[in-house]
Amino acid sequence: MTNRNGRSKYVIVCDHASNFIPAELGTLGLGEADLERHIAWDPGAAPVARILAEALDAPLVESGICRLVIDCNRPLDAPDLIPEVSETTVVPGNAALSAEDRASRISLAYDPFHDAIEDVVSVRLGAGQETWLVSIHSFTPVYKGVQRPWHIGIIHDEDTRIAAPLIAALKTDRDAVVGINEPYSPADRVYHTLAVHGRSRDLPCAMIEIRNDEIADEAAQALWARRLATILSDIQESDVSLGKKRPT
C-alpha cells in the first residue's frame, strides 16, 4: 500500500499489478514470454494506478503477485481462482493442486491483498472520511481471435454514481471508443474486489479497464492517468458526494 493517509475520497486498487512469482513456485511451468502476457498480469495498469493515485492524493493498494498464482479479483470458489488454463494457455504449475496448496496460495497473496484494502477502508470510514473505490485494469486488444474496439471500458453494477459521469466525460472525446460493461461486466465475476469492499457498504465504486496497447509506454500511461485524474477530480466535486445514486 502507498499513501494510506491520502486525503482524496478515492481509494485506488490494482488487482493485477504484478507478474511476480515467488521462487518456491518456479515459473508455474511457463516460459518468460508467457509471463509477460496478459494471462500473468495487467500490463500497464500499475503505472497508471500509481500516477493516478499520486495526482488524486489517494491511497493505492496493489497486488504484488502474478494472477496465475492466485487471482485476487475472484471469489474463493471461482473456477479460475487458480487457473489450470488461462485463455488458451495451459498452466502446468496449477494442475491438481491439493487443498494445502490452495490454502498456501490464499495465505500468500489473496488474504494480504484483501486485508490491506479492508484495513484502509475501515479506518477511513471509522474516521468519518468519505470513501469511494476505483480499480484499474488493462485488457488485450484481441481475445481468442476476436478484436476489441474499445480504448477504455467502464465496468459497474447498478451503482452508477462514479461510472455515469465518468462515461459521459470520456465520451466527449469523439475519437475514444468507450465500452460500458465491456469487455467485461460484473456477470463475468470481475467485480469481486469492489463488491466485497465497496458495494457491501454501499460505497460508490467503478472499475476502469484500459486496452493495454493504449498504455504500452510511460508517456501513454501518464497521458491516460492524467486524463482520468482530471475527470475523477471533477466527479469528486460534483453532487455524487451527496450519496445519491444517479439513475441508470
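About the thresholds
- Residues numbered from 1 in each chain as written.
- Predicted model: local features only at pLDDT ≥ 70, side-chain atom pairs only at ≥ 80, totals over all residues.
- Heavy atoms only, no water.
- Helix = DSSP H or I, 4+ residues; strand = E, 2+ residues; numbered from the N terminus.
- Buried < 20%, exposed > 50% of the residue type's maximum accessible area, 1.4 Å probe, protein only.
- Bend = angle between axes of the 7 residues up to and from the residue.
- Contact = heavy atoms within 4.5 Å.
- 1 Å grid on protein atoms, 1.4 Å probe; cavity = no way out; pocket = protein on both sides within 12 Å on 5 of 7 lines; lining within 4 Å.
- Points joined across faces, edges and corners; volume = space filled by probe spheres on them.
- Nonpolar A, V, L, I, M, F, W, Y, C, P; charged D, E, K, R; others polar.
- Polar contact = N/O pair within 3.5 Å; in protein donor to acceptor, adjacent residues only side chain to side chain.

Trainee: Just to check I follow, could you spell out the environment of D111 for this structure?
Mentor: Secondary-structure assignment places D111 in helix α3 (residues 99–126). In this structure D111 comes out as partly exposed when scored by relative accessible area, which is 31%. In sequence terms D111 and C72 are 39 residues apart; their C-alpha atoms lie 8.5 Å from each other.

Trainee: What is the right way to read the environment of E32 from this model?
Mentor: Residue position: E32 is located in helix α1 (residues 32–35). Accessibility expressed as a relative area gives 68% for E32, which makes it exposed. Spatially, the C-alpha atoms of E32 and I21 are 11 Å apart, while their sequence positions differ by 11 residues.

Trainee: Sorry, what's going on with α3 here?
Mentor: Counting along an α-helix, one turn takes 3.6 residues, and residues three or four places apart therefore face a common direction. At S107, α3 shows its largest bend, some 40°. Inspection of α3 places R105, I106, A109, Y110, F113, H114, I117, V120, V121 and R124 among the buried residues, and these make up the whole buried set. Those residues of α3 hidden inside the fold are in contact with β1 (10–14), β2 (60–62), β5 (132–139) and α5 (192–197).

Trainee: How do you make sense of the layout of surface pockets when you look at a structure like this?
Mentor: Empty space left among the atoms is revealed by rolling a probe the size of a water molecule over them. Looking at the largest pocket, its volume works out to about 470 Å³. Within the residue set of the lining of the largest pocket, elements represented by two or more residues are β3 (85–86), β5 and β10 (205–211). Of the residues in the lining of the largest pocket, the class split is 9 nonpolar, 6 polar and 9 charged.

Trainee: Got a minute to help me understand the side chain of R161 in this structure?
Mentor: One can find R161 in the loop between β8 (152–155) and α4 (163–170). Within the structure, the side chain of R161 is placed 2.7 Å from the side chain of D159, a separation counted as a polar contact. At a separation of 2.9 Å, a polar atom in the side chain of R161 contacts the main-chain carbonyl oxygen of D202.

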